[in-house]
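An overview of the molecular structure
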Amino acid sequence: TMSEAAQDVLLKTLEEPPKDTLLLLTGTESGFRPTILSRCMVLREKTEPWETIAERLIGNGADREKAVLAAKLSDGVYGRANAFLSEESLAFRKEALACIRQLKGKARPYAALTALCTDTVTEESEDGTVKKTKKVSAASVDAFLDILLSVLADVLRKKSGVSDVRNTDCREIETILDSTFTISQIQGMIQVAVDAKEMLFYKANPGQTVDWILAKLP
């Protein structure tokens, strides 16, 4: 129920909380701005342990390795895990990880990321003519940012000495990012991704947002 202005004021406290203090924010996830969520550990009610979800997926015929990955990324929601296993979702993730891998170099994957996030849209003109055009999709850019944020969070865990990671299919990429960027740089990349999600939330042009993301990353 907090206003956006109030959430902005809260950011500094979340970044530098008082000593020995636990801040607990409750509400619906859609009510929080991306900048707030990025600084919190999200705990969803009525969720299942990832191990339980993985076994359900395996019992329904899913490959064990993919089931474990889907379960860990599901935040305890079986439907999300099951959707992750679709061919379309797995193909998108594969290309997204390829783009993330290229972030360590000086040449940015502008073309690859734009192509990944471009959908073919059918439009009808005033004279009734139907034509197909290609447009960068805000939903696809947002989905890429979710993958990027998850991978970067794993890298921060590695740098903090935590071995348990969520993205079990890209350990090599995370190792490369870990050895290439400092903690401050990873935190900066997370901020760029969060800011981009906020831009999309306020209807920024998806294509320009892709350019902005890659220009801002270190």
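Described below are features of the structure shown in this document. Remember, predicted model here, so these are calculated numbers, not experimental data.

Looking now at the overall build of the protein chain. When helices and strands are counted, the protein chain shows eleven helices and two strands. Moving toward the C terminus, one meets the helices and strands of the protein chain in the order α-α-α-α-α-α-α-β-β-α-α-α-α. For 218 residues, the compact-globule estimate of 2.2 N^0.38 gives 17 Å, and the C-alpha radius of gyration of the protein chain, at 19 Å, lies within 12% of that figure. Overall size of the protein chain, expressed as C-alpha extent along the three principal axes, is 65 × 45 × 40 Å. When each of the 218 residues of the protein chain is scored for burial, the buried share is 34%. With the model as given, the accessible surface of the protein chain reaches about 13100 Å², and the carbon-plus-sulfur share is 53%. Distance between charge centroids for the protein chain: 4 Å, based on 29 positive and 32 negative side chains.

Attention now goes to helix α6 (residues 87–101). Counted at 1.5 Å a residue, the expected span for α6 with its 15 residues is 21 Å, and the 21 Å between its end C-alpha atoms agrees. Elements that come into contact with the buried residues of α6 comprise α4 (64–73), α5 (78–84), α7 (110–116), α8 (138–159) and α9 (171–180).

On to the side chain of serine 150. Structurally, serine 150 is set in helix α8. Classification of serine 150 by relative accessible area gives buried; the value is 11%. Setting aside residues up to four positions removed in sequence, serine 150 forms contacts with Leu73, Arg166 and Asn167.

Attention now moves to the pattern of salt bridges. For the structure on display, the rule yields 15 salt bridges. In this structure, glutamate 16 engages lysine 12 in a salt bridge whose closest nitrogen and oxygen atoms are separated by 3.3 Å. What makes glutamate 16 exposed here is its relative accessible area of 54%. Linked through salt bridges whose partners overlap, the residues forming this network are Asp8, Arg33 and Glu198.

Another aspect to go through is the packing of aromatic side chains. The tally for this structure, following the rule as stated, stands at one aromatic pair. Here phenylalanine 201 and tyrosine 202 contribute two aromatic rings whose centre-to-centre distance is 5.0 Å and whose plane-to-plane angle is 90°, an arrangement assigned as edge-to-face. Sitting above the plane of the tryptophan 50 ring, lysine 72 keeps its charged end 4.8 Å from the centroid.

How each quantity is defined
Residues numbered from 1 in each chain as written. Predicted model: local features only at pLDDT ≥ 70, side-chain atom pairs only at ≥ 80, totals over all residues. Heavy atoms only, no water. Helix = DSSP H or I, 4+ residues; strand = E, 2+ residues; numbered from the N terminus. Rg over C-alpha atoms; globule rule 2.2 N^0.38 Å. Buried < 20%, exposed > 50% of the residue type's maximum accessible area, 1.4 Å probe, protein only. Areas by Shrake-Rupley, 256 points an atom, 1.4 Å probe, with all protein chains shown as cover. Lys, Arg positive; Asp, Glu negative; His and termini not counted. Charge placed at Lys NZ, Arg CZ, Asp CG, Glu CD. Expected span 1.5 Å × (residues − 1). Contact = heavy atoms within 4.5 Å. Salt bridge = Lys/Arg side-chain N within 4 Å of Asp/Glu carboxyl O. Phe/Tyr/Trp six-rings, centres within 6.5 Å; stacked < 30°, edge-to-face > 60°. Lys NZ or Arg CZ within 6 Å of the ring centre and 35° of its normal.

Any functional reading would require information beyond the geometric quantities listed.
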